[in-house]
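Spelled out, the chains give:
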Amino acid sequence: MCKRCPWLDTTKPDYVAYHDNEWGVPVYDDKTMFEFLVLESAQAGLSWYTILKKREGYRRLFADFDVIKVSKFTPEDVERLMQDSSIIRNRLKIEAAINNAKCFIEIQKEFGSFCNFIWGYVNNQPIVNSINDISDYVATSPISDKLAKDMKKRGFKFLGSTTLYSHLQATGLINDHLNNCFIKQQVIQLANEYPH
């Protein structure tokens, strides 16, 4: 039996698939980065599994995470989304996703891509933390604090330090897999193979 991270509910096959195939794998494309930002901001106060179950709904209603299309959503679009139970129907979170799409585009203009911007926070090399058990996990870090402050200044909403730390974990900028999780070394290898 493969050893996996202690937070994972292994009775849920879709959760296991997410852990095994996506969580902590370095993301180098802006579309995926935007998808995770939308999903992470929707998660605030909820479990990640709740959001994972609604991911397809988000994909469908948020134009397959096309940042340009989402940035042009109107108040009518917000009303339409508020009626659809396939996503979290929280007006502030929906409006934040649209607002954040506009801020995301501004960063792309300034840095060439959002990935250039966010990977700069870790000097383009994932931080690999030593995680021996559940007590080794942290909710924030100096990097997520600094990133949250910067992104807030740039107009982003619903993306505080805790949410952004989760984002950094999910998108592989911080490798928080358990030391003896069978995925940890695979993820390190993937990061090493990417031309920086």
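Look a little higher up for the structure.
A brief look at the structure comes next. (Residues numbered from 1 in each chain as written. Predicted model: local features only at pLDDT ≥ 70, side-chain atom pairs only at ≥ 80, totals over all residues. Heavy atoms only, no water.)

## Details of the overall build of the protein
- If you tally the helices and strands in the protein, you get eleven helices and two strands.
- Order of helices (α) and strands (β) in the protein, N terminus to C terminus: α-α-α-α-α-α-α-α-β-α-α-β-α.
- For the protein, whose C-alpha radius of gyration is 17 Å, the value lies close to the compact-globule estimate of 16 Å for 196 residues.
- By its C-alpha atoms, the protein is 50 × 40 × 25 Å across when sized along the principal axes.
- Per-residue burial over the protein gives 48% buried out of 196 residues.
- Intrachain contacts of the protein at a sequence separation of at least 6 include 69% that bridge at least 24 residues.
- Of the roughly 9600 Å² of accessible surface on the protein, 53% is carried by carbon and sulfur atoms.
- In the protein, 24 positive and 24 negative side-chain charges are present, and the distance between their average locations comes to 4 Å. (Helix = DSSP H or I, 4+ residues; strand = E, 2+ residues; numbered from the N terminus. Rg over C-alpha atoms; globule rule 2.2 N^0.38 Å. Buried < 20%, exposed > 50% of the residue type's maximum accessible area, 1.4 Å probe, protein only. Contact = heavy atoms within 4.5 Å. Areas by Shrake-Rupley, 256 points an atom, 1.4 Å probe, with all protein chains shown as cover. Lys, Arg positive; Asp, Glu negative; His and termini not counted. Charge placed at Lys NZ, Arg CZ, Asp CG, Glu CD.)

## Things to note about the pattern of salt bridges
- Overall, the coordinates contain 15 salt bridges when judged by the stated rule.
- Asp20 serves as the salt-bridge partner of Arg4, at 2.6 Å between the closest nitrogen and oxygen. In this pair, Arg4 is assigned in the segment before helix H1 (13-21) and Asp20 in helix H1, connecting sequence segments 16 residues apart.
- What makes Arg4 partly exposed here is its relative accessible area of 22%.
- Between Arg91 and Glu79 there is a salt bridge, and its shortest N-O distance comes to 2.6 Å. Of this pair, Arg91 sits in helix H7 (residues 91-111) while Glu79 is found in helix H6 (residues 75-82), placing the two residues twelve residues apart along the sequence.
- A single salt-bridge network, built from bridges that share partners, covers Glu22, Lys31, Glu35, Arg55, Glu56, Arg59 and Asp64. (Salt bridge = Lys/Arg side-chain N within 4 Å of Asp/Glu carboxyl O.)

## Considering the state of the cysteines
- A complete count under the given rule lists zero disulfides for this structure.
- Distance from the sulfur of Cys103, which forms no disulfide, to the nearest cysteine sulfur (Cys115) is 17 Å.
- Taking the relative accessible area as the measure of exposure, Cys103 reaches 9% and is therefore buried. (Disulfide = S-S within 2.5 Å.)

## Quick look at the packing of aromatic side chains
- Per the counting criterion, the structure on display carries 13 aromatic pairs.
- One aromatic cluster is present, formed by Phe34, Phe104, Phe111, Phe114, Phe117 and Tyr121 through successive ring pairs.
- Here the basic side chain of Lys12 rests over the ring of Tyr49, its NZ or CZ set 4.2 Å away from the ring centre.
- Sitting over the ring of Phe73, Arg80 keeps its end group 5.8 Å from the ring centre. (Phe/Tyr/Trp six-rings, centres within 6.5 Å; stacked < 30°, edge-to-face > 60°. Lys NZ or Arg CZ within 6 Å of the ring centre and 35° of its normal.)

## Considering H6
- Turning to H6, its buried residues number three or more, namely Asp77, Val78, Leu81 and Met82. The arc that holds every buried residue of H6, seen down its axis, measures 140°, which confines them to one face.
- If you follow the buried residues of H6, they end up packed against helix H4 (55-61) and H7. (Arc of directions from axis to C-beta.)

## Section: the packing of helix H2 (residues 30-43) against H7
- Where H2 contacts H7, the two axes come as close as 10 Å, and the packing angle between them is 150°. Relative to H7, the element H2 is oriented roughly antiparallel. In this structure, H2 meets H7 at a crossing whose hand is right-handed. Along its contact with H2, which presents Asp30, Met33, Phe34, Leu37, Val38, Ser41, Ala42 and Gln43, the element H7 presents Lys93, Ala97, Ala101, Phe104 and Gln108. (Axes fitted to C-alpha atoms, helices over the stretch in contact; angles between N-to-C directions. Parallel < 35°, antiparallel > 145°, perpendicular 65-115°, else oblique. Left-handed = near helix turned anticlockwise from the far one by under 90°.)

## Observations concerning the environment of Lys31
- Here Lys31 shows up in helix H2.
- By relative accessible area, Lys31 is classed as partly exposed at 42%.
- Separated by 36 residues in sequence, Lys31 and Val67 place their C-alpha atoms 7.3 Å apart.
- If we ignore the near neighbours within four places in the chain, the residues touching Lys31 are Asp64 and Phe65.

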